[in-house]
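# Residue-level structure breakdown
The chain contents come next:
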Amino acid sequence: MAALAAVMTMGIGTLTACSGVDYCSELQNYAEAAKNLDIKDSEAVGKMLDEAKKVSKSAPDDLKDDWKVVLDYAEKAKEANGDMTKLAELGKNDGEKVASAGAAIAKQAKDTCKVTIDG
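Residues numbered from 1 in each chain as written. Predicted model: local features only at pLDDT ≥ 70, side-chain atom pairs only at ≥ 80, totals over all residues. Heavy atoms only, no water.

## Observations regarding the overall build of the protein
To keep it simple, the criterion reads: Starting at the N terminus, helices and strands are each numbered in turn, a helix being any DSSP run of H or I of at least four residues and a strand any DSSP run of E of at least two. Using a 1.4 Å probe on the protein chains alone, a residue whose accessible area is under 20% of its type maximum counts as buried, one over 50% counts as exposed, and one in between counts as partly exposed. Whether two residues are in contact is decided by their heavy atoms, any of which lying within 4.5 Å being enough. Method for areas: the Shrake-Rupley scheme with a 1.4 Å probe, in which residue coverage is limited to the protein chains shown.
Regarding its fold elements, the protein presents five helices and zero strands. Each helix (α) and strand (β) of the protein, taken in turn from the N terminus, gives the series α-α-α-α-α. In the protein, which comprises 119 residues, the proportion classed as buried is 42%. Contacts in the protein between residues at least 24 apart in sequence constitute 67% of all its contacts with a sequence separation of at least 6. Split by element, the accessible area of the protein, about 6,200 Å² in all, is 48% carbon and sulfur.

## Considerations on the environment of Lys 114
Among the secondary structure elements, Lys 114 is positioned in the segment after helix H5 (84-113). Lys 114 sits in the partly exposed class, given a relative accessible area of 41%.

## Observations concerning the state of the cysteines
The cut-off we apply is this: In plain terms, two cysteine sulfur atoms within 2.5 Å form what is called a disulfide here.
According to the stated counting rule, one finds one disulfide in the structure shown. The disulfide bridge from Cys 24 ends at Cys 113, spanning 2.0 Å between sulfur atoms. Across the disulfide from Cys 24 to Cys 113, rotation about the S-S bond amounts to roughly -80 degrees, and the bridge is consequently left-handed. With Cys 24 in helix H2 (residues 21-34) and Cys 113 in helix H5, the pair connects residues that are 89 residues apart, well separated along the chain. Looking at Cys 24, the relative accessible area reads 0%, which means it is buried.

## Some words on the packing of helix H3 (residues 42-58) against helix H4 (residues 64-80)
Note the threshold: In this description, a line fitted to the C-alpha atoms serves as the axis of each element, helices being fitted only across the stretch in contact, and the angle between N-to-C directions of two axes falls anywhere from 0 to 180 degrees. Each angle gets one of four labels, with under 35 degrees taken as roughly parallel, over 145 as roughly antiparallel, 65 to 115 as roughly perpendicular, and the rest as oblique. By definition, any crossing whose near helix is turned counterclockwise from its far helix by less than a right angle is left-handed, and any crossing with a clockwise turn is right-handed. Classes in brief: Ala, Val, Leu, Ile, Met, Phe, Trp, Tyr, Cys and Pro nonpolar; Asp, Glu, Lys and Arg charged; the others, Gly included, polar.
Where H3 contacts H4, the axes come no closer than 10 Å and their chain directions differ by 165 degrees. In terms of orientation, H3 and H4 fall into the roughly antiparallel class. In the crossing of H3 with H4, the sense of the turn from one axis to the other is left-handed. For the pair H3 and H4, contact is made by Ser 42, Val 45, Gly 46, Met 48, Leu 49, Ala 52, Lys 53, Val 55, Ser 56, Lys 57 and Ser 58 and by Lys 64, Trp 67, Leu 71, Ala 74, Glu 75, Ala 77 and Lys 78, respectively. Of the residues contributing to the contact of H3 with H4, the split by class is nine nonpolar, four polar and five charged.

## Points about the pattern of salt bridges
Filter applied, for reference: The rule for a salt bridge is simple: a side-chain nitrogen of Lys or Arg has to be within 4 Å of a carboxyl oxygen of Asp or Glu.
Taken as a whole and assessed by the stated rule, the structure comprises six salt bridges. Look at the salt bridges and you will find they share partners, linking Lys 76, Asp 94 and Lys 97 into a network.

## So, the nonpolar core
Applied cut-off: Working definition of a nonpolar core: buried Ala, Val, Leu, Ile, Met, Phe, Trp, Tyr and Cys residues. They are joined through side-chain atoms within 4.5 Å.
Counting 30 residues, the largest nonpolar core has Tyr 23, Leu 27, Tyr 30, Met 48 and Trp 67 as its most contacted members. Discounting chain neighbours no more than four positions away, the residues touching Tyr 23 are Val 55, Ser 58, Ala 59, Pro 60, Leu 63, Trp 67, Ile 105, Gln 108 and Cys 113.

Following this line, the structure appears as structure tokens:
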């Protein structure tokens, strides 16, 4: 469950400078959608998911697979529709690989876009 919350709220950060304008700009929008996300709120998860889809399209090639992991996870979280049992099971099954993908995304965000993503 902690991994799910970390990934779903990993967008908390500040954009200070950017190369790769489209990706960095989309990353900032994603950060806003993910900020203070209530994982039990299917509508809010859907909004965050929409922003994540936009970011993934402009993501650098070396992060495409990481964004796919995050998107798949977010889709499943949205489908859980706030059911804490399903969300806990999702965290148990996929949490480790999502945490790894989230860490790669966060590192690149900091290094390239100067976006700090806290989990």
